[in-house]
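Spelled out, the chains give:
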Amino acid sequence: MRIIGANVKIISDSRGKETLEAGLRSDNFFTSASVPAGKSIGTHEVFVLEPEKAIEKLEEIKSEILKKECRTQEEFDNFLISLDGTENKKNLGGNLILSLSLAWARLKAKEEGLELFEYINNIFPGSVTIKAPHPIFNVNNGGAHAKNKLDFQEFQVIPTTEDFNIAFSIGREYYRKLKKVLDEKFGEENIILGDEAGYSAPFKTNEEALEIMADLIAKNNHPLRIGLDVAASQYYINADSRGLNTDRRGRGSCYKVSGKEYSAEELKEYYLKLIEAYNILSIEDPFFEEDFDSFAELTKEIKKFDGAIDFKNLKGAHKIYPKENGRLVITDDLTTTNPVRLRTAIEKKSGNAILVKLNQIGTLTETLKVVKMAYENNWQIVVSHRSGETMDDFIADLAVGVGAWGLKAGAPGKPERLAKYERVLKILEHET
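Residues numbered from 1 in each chain as written. Predicted model: local features only at pLDDT ≥ 70, side-chain atom pairs only at ≥ 80, totals over all residues. Heavy atoms only, no water.

Asker: So what's going on with unusual backbone geometry? Residues and values would help.
Answerer: Of note in this structure, S258 is not a glycine but carries a positive phi near 50 degrees. In this structure, S258 sits in the loop between β10 (254-257) and β11 (260-262). Since its relative accessible area comes to 42%, S258 is described here as partly exposed. Within the chain, T337 stands out as a residue other than glycine whose phi angle is a positive 50 degrees. You can see T337 is positioned in the loop between β13 (328-331) and α9 (339-348). Judged by its relative accessible area of 0%, T337 is buried. (Helix = DSSP H or I, 4+ residues; strand = E, 2+ residues; numbered from the N terminus. Buried < 20%, exposed > 50% of the residue type's maximum accessible area, 1.4 Å probe, protein only.)

Here you go:
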């Protein structure tokens with residue numbers, strides 16, 4: 001496919017920060033793609049170039065793009081990687097490369113007369129069934145995504161129904177009812193929205209937020225499970241980085257949750273109690289982003305709850321949870337959509353699901369190869385947005401096209417979050 005025009009411009013993401021939108025033109029079509037930005041960023045993510053600098057970089061390579069005729073997505077993405085010439089995309093920037101990669105994918109899909117999700121499914125380096133994901137709604141925000149006392153970053157509800165239309169409706173209903181509950185408890189003036197449209201309220205502890213969520217689920221008999229993205233690297237304290245050999249309790253590095261310090265082993269036991277008490281379906285990034293072994297220990301321990309829930313020890317409000325198997329330990333900062341990191345996690349059994357973020361690795365081709373590796377090792381896929389989002393809905397097509405287990409796009413509130421879920425609904429209309 002021949003490119004006859006290429007441009008990139010600066011737009012604002014949902015936090016009001018500058019990000020990029022690239023446009024590509026062929027003889028027949030024009031397409032564009034914008035890229036989000038994260039606040040909670042894994043150490044091993046690709047380099048992000050300042051937007052003004054990215055515009056300059058595009059001008060430097062534009063002539064190369066216009067004279068290069070690529071036949072496949074992989075050829076185009078590898079071409080961009082070769083132009084960059086660095087291991088972590090520090091020359092052109094992962095954000096510039098990704099915006100061009102996604103715009104090219106949209107253009108190629110149009111040239112082939114395909115919907116984007118169909119195109120992604122066709123080029124996936126394996127065989128997967130097109131299907132709608134489970135929507136994962138981040139209804140309470142904490143950690144780096146909100147200004148409150150919550151250590152955990154995301155408190156999610158996950159509909160148990162396989163019907164995306166019903167799941168979306170349930171999620172929106174729960175989100176509205178949760179707002180009413182929080183207004184009554186804390187006062188409407190004290191409830192604001194976090195970065196991902198989840199509520200930020202003056203909760204005293206993580207458990208208080210969980211209790212309110214679980215009670216509301218039980219009261220309305222909603223077919224929902226609770227999920228957590230704890231983003232533990234945010235409350236990990238590295239004693240060595242503070243010039244200490246050990247912390248004051250003599251154990252070296254630790255985790256600080258609700259003012260209390262935990263070793264990795266103690267933190268694991270704390271998580272297991274929460275998982276049992278609230279029958280939690282998924283937990284993401286439970287430990288520091290380099291601690292493959294603690295991830296593995298939790299993954300092993302969490303299996304004891306699958307198919308063996310002791311409902312006698314659950315509070316009455318929590319008994320409505322379904323006895324479904326397959327709790328997920330999701331890696332994000334640990335693996336950063338990176339094949340080398342994922343291979344290590346697979347070998348160490350440091351989880352059973354990977355969060356997939358396009359802008360962690362920088363091209364569609366590399367992302368699909370990571371998804372393929374995960375599937376080959378019986379890991380689940382959860383496609384994710386970032387905290388600083390745009391109205392681009394590419395990840396919805398990605399989730400459907402690769403048959404992902406989940407799509408995490410925030411609360412069903414702000415337009416940039418709704419755009420992803422609503423795109424899945426449009427895809428389903430197309431399929432029927």
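Additional details are given in the paragraphs that follow.
Asker: Can you explain the pattern of salt bridges? Please cite residues and give values.
Answerer: Throughout the structure, instances matching the rule amount to 29 salt bridges. E366 is the partner of K89 in a salt bridge, and the nearest nitrogen-oxygen pair spans 3.1 Å. With K89 in the loop between α2 (73-84) and α3 (94-111) and E366 in helix α11 (residues 364-376), this pair connects stretches of sequence that are 277 residues apart. Judged by its relative accessible area of 4%, K89 is buried. Among the ionic pairs, K408 bridges to E154, the shortest N-O distance being 3.2 Å. Taken together, the residues K408 in strand β16 (residues 406-408) and E154 in strand β5 (residues 154-159) connect sequence positions 254 residues apart. In this structure K408 comes out as buried when scored by relative accessible area, which is 2%. On the basis of relative accessibility, which here comes to 2%, the residue E154 falls in the buried class. (Salt bridge = Lys/Arg side-chain N within 4 Å of Asp/Glu carboxyl O.)

Asker: Hey, could you go over the sheet that holds strand β9 (residues 236-237) for me, with residue numbers and the actual values?
Answerer: Taken in spatial order, the 3 strands make up an open sheet running β9-β10-β11, and their pairing is antiparallel. Two strands bound the open sheet, and with one partner strand each, they are β9 and β11. Looking at chain direction, β10 and β11 are connected through 3 bridges and run antiparallel. When the bridges of β11 are listed, Y255 appears paired with Y262. Against the sheet, helix α7 (residues 264-278) contacts β10 and β11, and its axis sits at roughly 110 degrees relative to β11. (Pairing = 2+ DSSP bridges. Contact = heavy atoms within 4.5 Å. Axes fitted to C-alpha atoms, helices over the stretch in contact; angles between N-to-C directions.)

Asker: Break down the packing of helix α5 (residues 164-186) against helix α6 (residues 206-220) for me, citing the residues and quoting the values.
Answerer: Relative orientation of the contacting elements α5 and α6 amounts to 125 degrees, with a least axis distance of 11 Å. Of the possible angle classes, the one that applies to α5 and α6 is oblique. The two elements α5 and α6 meet at a crossing, and its hand is right-handed. Where α5 approaches α6, its residues Y174, K177, L178, V181, L182, K185 and F186 are matched on the opposing element by E208, I212, M213, L216, I217 and N220. Here the contact of α5 with α6 is built from residues that sort into 9 nonpolar, 1 polar and 3 charged. (Parallel < 35°, antiparallel > 145°, perpendicular 65-115°, else oblique. Left-handed = near helix turned anticlockwise from the far one by under 90°. Nonpolar A, V, L, I, M, F, W, Y, C, P; charged D, E, K, R; others polar.)

Asker: I'd love a proper account of the confidence of the model for the chain, names of residues and values included.
Answerer: Predicted confidence across the chain gives a mean pLDDT of 91, with 91% of residues reaching 70 or more. The low-confidence segment residues 242-250, where pLDDT is below 50, has 18 contacts with residues more than four positions distant or belonging to other chains. When the criterion is pLDDT under 50, residues 308-325 qualifies, and its contacts beyond four places in sequence or with other chains add up to 37 contacts. (pLDDT = per-residue confidence, 0-100.)

Asker: Residues and numbers for the side chain of D183, please.
Answerer: Here D183 shows up in helix α5. Reaching out from D183, the side chain makes a polar contact with the side chain of K179 at a distance of 2.8 Å. If sequence neighbours within four positions are ignored, D183 has contacts with E188 and I191. (Polar contact = N/O pair within 3.5 Å; in protein donor to acceptor, adjacent residues only side chain to side chain.)

Asker: Lay out the sheet that holds strand β2 (residues 18-25) in plain terms, naming residues and giving numbers.
Answerer: Spatial ordering of the open sheet is given by β1-β2-β3, a layout of 3 strands whose pairing is antiparallel. Looking at the sheet topology across the chains shown, the edges are occupied by β1 (5-12) and β3 (30-34). Taken over all neighbouring pairs, the strand axes of this sheet differ in orientation by 20 degrees on average, direction set aside.

Asker: Any details on the packing of aromatic side chains? Residues and values, ideally.
Answerer: How two aromatic rings sit relative to each other is given by the distance of their centres and the angle of their planes. Overall, the coordinates contain 21 aromatic pairs when judged by the stated rule. With 6.4 Å between their ring centres and 45 degrees between their planes, F152 and Y270 make a pair best called tilted. Of this pair, F152 sits in the loop between β4 (134-141) and β5 while Y270 is found in helix α7, placing the two residues 118 residues apart along the sequence. Grouping residues by exposure puts F152 and Y270 together as buried. (Phe/Tyr/Trp six-rings, centres within 6.5 Å; stacked < 30°, edge-to-face > 60°.)

Asker: Can you lay out helix α8 (residues 292-302) for me, pointing to particular residues and giving the numbers?
Answerer: Taken together, the buried positions of α8 are occupied by F292, S294, F295, A296, L298, T299 and I302. The elements touched by buried residues of α8 are α7, β12 (282-284), β13 and α9.

Asker: Describe the pairing of β2, naming the residues involved and giving the relevant values.
Answerer: As paired elements, β1 and β2 share 8 bridges and run antiparallel to each other. Paired with V8 across the strands is A22, a residue of β2. The antiparallel pairing of β1 with β2 creates a hairpin that spans 5 residues between the two strands, and G16 there sits at a positive phi of about 85 degrees. The sheet contact formed by β2 and β3 spans 5 bridges and is antiparallel. Within the sheet, the bridge partner assigned to E21 lies in β3 and is S34. In textbook terms, the turn of a hairpin is the stretch between consecutive antiparallel strands, and for β2 and β3 this stretch comprises 4 residues.

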